[in-house]
Amino acid sequence: MELYLHIGTNKTASSFLQTLMVTNAKLLAQCGYYIPTSKYDDEMKRGSITPGNGADLAWAIHDKNVNSIKQILTKSFVEAKGEGLDKVLISNEIIVRLFSDKDCLDSFSQSVKELNITKVKLIVFVRDLLGHSRSLYLHRSKSGDNFDIQNWFETDYETLSLTDQFLKLYKQYNFEFSFASFNSNTLVTNFFDVFLEVDSKSLQIPNLSVNKSLGLNETRVLQTAKILSRLNTHLLYSKLLKLDTTANEELEKQFKVEAASYFKNHIKTIQFIEDEIGFKISEKIDFNQADLSSNSKPTIYLTEEHLNVIKQSQYSYLTSLLHDFRTKLKPKSNKFNTKRYGGNLRP
């Protein structure tokens, strides 16, 4: 029995790889791989963002529940055996974060030993720090939070510390870990040809639209609107997403300055990570920018389209508020609850 795990990291096209996995399940089966089904299969085929087919395994590892881990893996291998296959392929990008906790790794390792799984092979995609932090910042600012970029780095960007902890642990375990640099041009090759030893030229690659995100300017419009006005931030985000991205060099520079300042303070950790994984992830950071002042307030480009969607979001918020207010004022029914008091009551 062989177990193959794709475990992260986040913001490295995990959803795209999961889509390729379920779309090419028959091809992978011809190469001996079984793809355990999950409730997210239909979403993965459509290219939606999901936890992959390893969500249940991730929860079991998170809970350090050896019995649950064993049950999940046993079910997968029994199903694989029924198909005449001996390899199981599971994907979930959260697992690498969980493996920064020794107790989680111990629970997983114990489960593997007790099940006599002969081979465990794991792949971790690692993205350049500037690109990763920018992508993660935009993702976590969907609700209009994180106006202060410096504060976000200090309080919410945990990738460096978790990766550092994981890399100080993984060699203690008898697993085969592979680290690959995230690059859209080599992603498929590194995953299929190198990691799985499956010819990627035979893959069926669906024509999917890229999961779009806001740029820094539209994100700052969302954040500012939330601070200055009461509105439906979810609606505003979805409407801003449909607009063309407005380039904002001042905001881009501010982000790079804040990133350089943060990463310069963690240079030893970065050097350790790069030594362990075997390639650079800091080459796009200009550490000289760390000494530049970022106290100035960058200009926000506010177009007429921006103003229109802000007004629509304000109107939506006020409408829902009025509806809730009317609902609370609605008089309660005076009817006797006959079911509660035995039914068929007579005056």
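Just so it is clear, the structure is predicted and the values come from calculations on it, not from any experiment. (Residues numbered from 1 in each chain as written. Predicted model: local features only at pLDDT ≥ 70, side-chain atom pairs only at ≥ 80, totals over all residues. Heavy atoms only, no water.)

(A) Seen up close, the side chain of Glu218. Among the structural elements, Glu218 can be located in helix α12 (residues 216–228). One buried charged residue, Glu218, forms no salt bridge at all, with the nearest opposite charge on Lys212 at 8.3 Å. Side chain to side chain, Glu218 and His306 meet in a polar contact 3.0 Å long. Ignoring anything within four residues of it in the chain, the contact list for Glu218 reads Leu240, Asp244, Thr245, Thr246 and His306. (Helix = DSSP H or I, 4+ residues; strand = E, 2+ residues; numbered from the N terminus. Buried < 20%, exposed > 50% of the residue type's maximum accessible area, 1.4 Å probe, protein only. Lys, Arg positive; Asp, Glu negative; His and termini not counted. Salt bridge = Lys/Arg side-chain N within 4 Å of Asp/Glu carboxyl O. Polar contact = N/O pair within 3.5 Å; in protein donor to acceptor, adjacent residues only side chain to side chain. Contact = heavy atoms within 4.5 Å.)

(B) A look at the layout of surface pockets. Of the voids in this model, the largest pocket is the one considered here, and its volume is about 1200 Å³. Broken down by secondary-structure element, the contributors of at least two residues to the lining of the largest pocket are α1 (14–23), α8 (129–140) and α11 (187–196). Per-element tally for the lining of the largest pocket: the top contributor is α8, with seven residues. (1 Å grid on protein atoms, 1.4 Å probe; cavity = no way out; pocket = protein on both sides within 12 Å on 5 of 7 lines; lining within 4 Å. Points joined across faces, edges and corners; volume = space filled by probe spheres on them.)

(C) Quick look at α11. By the burial criterion, the buried members of α11 are Leu187, Val188, Phe191, Phe192, Phe195 and Leu196. The buried residues of α11 all sit within an arc of 125° when viewed along its axis, so they share a single face. Positive phi appears at Glu197, one or two residues downstream of α11, with a value of about 60°. (Arc of directions from axis to C-beta.)

(D) Representation of the nonpolar core. Ranked by size, the top nonpolar core spans 61 residues in total, and within it Leu3, Phe108 and Phe263 carry the most contacts. The element best represented in this core is helix α14 (residues 249–264), accounting for six residues. If we ignore the near neighbours within four places in the chain, the residues touching Leu3 are Leu73, Phe77, Val88, Ile90, Phe108, Ile117, Lys119, Val120 and Lys121. Listed in part, the 20 residues of the second largest apolar core include Tyr4, Leu20, Tyr33 and Ile35. (Core = buried A, V, L, I, M, F, W, Y, C linked by side-chain atoms within 4.5 Å.)

(E) Region of the structure containing unusual backbone geometry. Here the bond from Gly8 into Thr9 is cis, since omega is 0°, no more than 30 degrees from zero. Within the chain, Ala13 stands out as a residue other than glycine whose phi angle is a positive 65°. A positive phi angle, near 65°, is found at Asn146, a position not held by glycine. Mapping Asn146 onto the fold places it in the loop between α8 and α9 (149–156).

None of the figures reported here should be taken as evidence of function without further support.
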